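Chain residues, written in single-letter form:
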Amino acid sequence: MAHLIAPSLLSADFGNLRKEVEMINNSEADWLHLDIMDGVFVPNISFGMPVIASVNKYCTKPLDAHLMIVEPDKFIDDFHRLGAAVLNVHYEACVHLHRSIQRIKSLGMKAGVTLNPHTPVSVLEEIVADVDLVMLMSVNPGFGGQKFIENTIDKTRRLKELILKRNSQAVIEIDGGVNYETGKRLLEAGADVLVAGSFVFGAENPTETIANLKRL
Ligand code: DX5
Ligand code: ZN
């Protein structure tokens, strides 16, 4: 499939949120990536339910929610109500990951599992066939604008092998430090969806940057 681009709202101008969402609507972005942080699972707090409800009201693109929170199970139903099309939970935050994935899917959302940089893809052996998406963190979660962790390129290749071996339909999403250079190499390694925060919203022309990322 042609690869997808999911700009991350974390690097947007929150003083002009509606304008930023409209920019996304009028761009070639495929999804809008929403980073939810609780200050416990990651050392930062981003935005919560009322903000997401407003984004959902104005955004015409599917919402790709990335939960960087402890006990994500508590909020699966809330995120469904808030309009998430894709719901990503962290492997490291889910004691009963299979149950979490089944709940997400039963509500009609795409179920994604996310791995921190230190978590090997081998932990997904028994679950990869059940998920719609695997997201690899290519930075330590919590902040936008960090440096890309180079090991993610090889890790993407290993994940692709695992997906094929297990006959999984999962797509591979990569989050953190994506730009034209890292993005191109990630796509060559087997990535299907690229998240880009600061590279898009920090650009002089975000719309054009999204279009260029689509053509990598
Ligand atoms: C980091 C978030 C990312 C972040 C990426 O915890 O999960 O989605 O917004 O930002 P960049 O693209 O600037 O690395
Ligand atoms: Zn994210």
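Report on the accompanying structure. On a predicted model such as this, the values are computed, not experimentally measured, just so you know.

Let us now look at the layout of surface pockets. Roughly 240 Å³ of internal volume is contained in the largest pocket. For the largest pocket, the lining is made up of 25 residues, of which Phe143, Gly144, Gly145, Asp175 and Gly176 are closest to its centre. For the lining of the largest pocket, the secondary-structure elements that each account for two or more residues are strand 2 (32–37), strand 3 (63–68), strand 8 (193–196) and helix 7 (198–201).

This next bit is on the packing of aromatic side chains. Centre distance and the angle of the planes are the two values used to describe a pair of aromatic rings. In the structure shown here, the tally under the stated rule is 2 aromatic pairs. Geometrically, the ring pair formed by Tyr180 and Phe199 is edge-to-face, given 4.7 Å between the ring centres and 90 degrees between the ring planes. Of the two residues, Tyr180 is situated in helix 6 (residues 180–189) and Phe199 in helix 7; the sequence distance between them amounts to 19 residues.

Next up on the list: the site of ligand 1. Near ligand 1 there are 20 residues, and of these Gly142, Gly145, Asp175, Gly197 and Ser198 occur at the shortest range. Contact between ligand 1 and Gly145: an oxygen atom at 2.7 Å from a main-chain N or O atom of the residue. In the model, an oxygen atom of ligand 1 is placed 2.7 Å from a nitrogen or oxygen of the Gly197 main chain. Protein chains shield 100% of the accessible area of ligand 1, which is 380 Å² for the free molecule. When each cavity is represented as a set of grid points, ligand 1 is found to reside in the largest pocket. Counting residues per element, the ones that place at least two in the shell around ligand 1 are strand 2, strand 3 and strand 8. Element by element, the count of residues in the shell around ligand 1 is highest for strand 2, at 3 residues.

Three or more residues of helix 1 (residues 17–25) are buried, namely Leu17, Glu20, Val21, Met23, Ile24 and Asn25. On its buried face, helix 1 is in contact with strand 1 (4–7), strand 2, helix 2 (49–58), helix 7 and helix 8 (206–214).

A few words now on the pairing of strand 5 (residues 110–115). Counting buried positions over the 6 residues of strand 5 gives 5, a clear majority of the element. By the bridge criterion, 5 bridges tie strand 4 (residues 84–90) to strand 5 in an arrangement that is parallel. From the neighbouring strand, Val89 faces strand 5, where its bridge partner is Val113. Regarding topology, helix 4 (residues 97–106) serves as the crossover connection from strand 4 to the parallel strand 5, and that connection is right-handed. Examined bridge by bridge, strand 5 and strand 6 (residues 133–137) share 4 bridges and lie parallel to one another.

On to the coordination of the zinc ion (ligand 2). Listed as protein donors to the zinc ion (ligand 2) are His33 (NE2), Asp35 (OD), His66 (ND1) and Asp175 (OD); their distances from the metal cover 2.0 to 2.3 Å. What the 6 donor atoms of the zinc ion (ligand 2) show is an angle range of 70 to 166 degrees at the metal, which sorts the shape as octahedral. All donors of the zinc ion (ligand 2) come from a single chain, and their spacing in sequence reads H-x1-D-x30-H-x108-D. One end of the pair, His66, is in strand 3; the other, Asp175, is in strand 7 (residues 171–175), with 109 residues separating them in the sequence.

Cut-offs used in this document
- Residues numbered from 1 in each chain as written.
- Chains lettered and ligands numbered in written order.
- Predicted model: local features only at pLDDT ≥ 70, side-chain atom pairs only at ≥ 80, totals over all residues.
- Heavy atoms only, no water.
- 1 Å grid on protein atoms, 1.4 Å probe; cavity = no way out; pocket = protein on both sides within 12 Å on 5 of 7 lines; lining within 4 Å.
- Points joined across faces, edges and corners; volume = space filled by probe spheres on them.
- Helix = DSSP H or I, 4+ residues; strand = E, 2+ residues; numbered from the N terminus.
- Phe/Tyr/Trp six-rings, centres within 6.5 Å; stacked < 30°, edge-to-face > 60°.
- Near = heavy atom within 4 Å.
- Polar contact = N/O pair within 3.5 Å; in protein donor to acceptor, adjacent residues only side chain to side chain.
- Areas by Shrake-Rupley, 256 points an atom, 1.4 Å probe, with all protein chains shown as cover.
- Sits in = over half its atoms within 2 Å of the grid points.
- Buried < 20%, exposed > 50% of the residue type's maximum accessible area, 1.4 Å probe, protein only.
- Contact = heavy atoms within 4.5 Å.
- Pairing = 2+ DSSP bridges.
- Right-handed = clockwise from strand over helix to strand, strands pointing away.
- Donors = N, O, S within 2.8 Å, 3.2 Å for Na, K, Ca; no water.
- Tetrahedral: all angles 85-135°; square planar, octahedral: opposite > 155°, others 65-115°.

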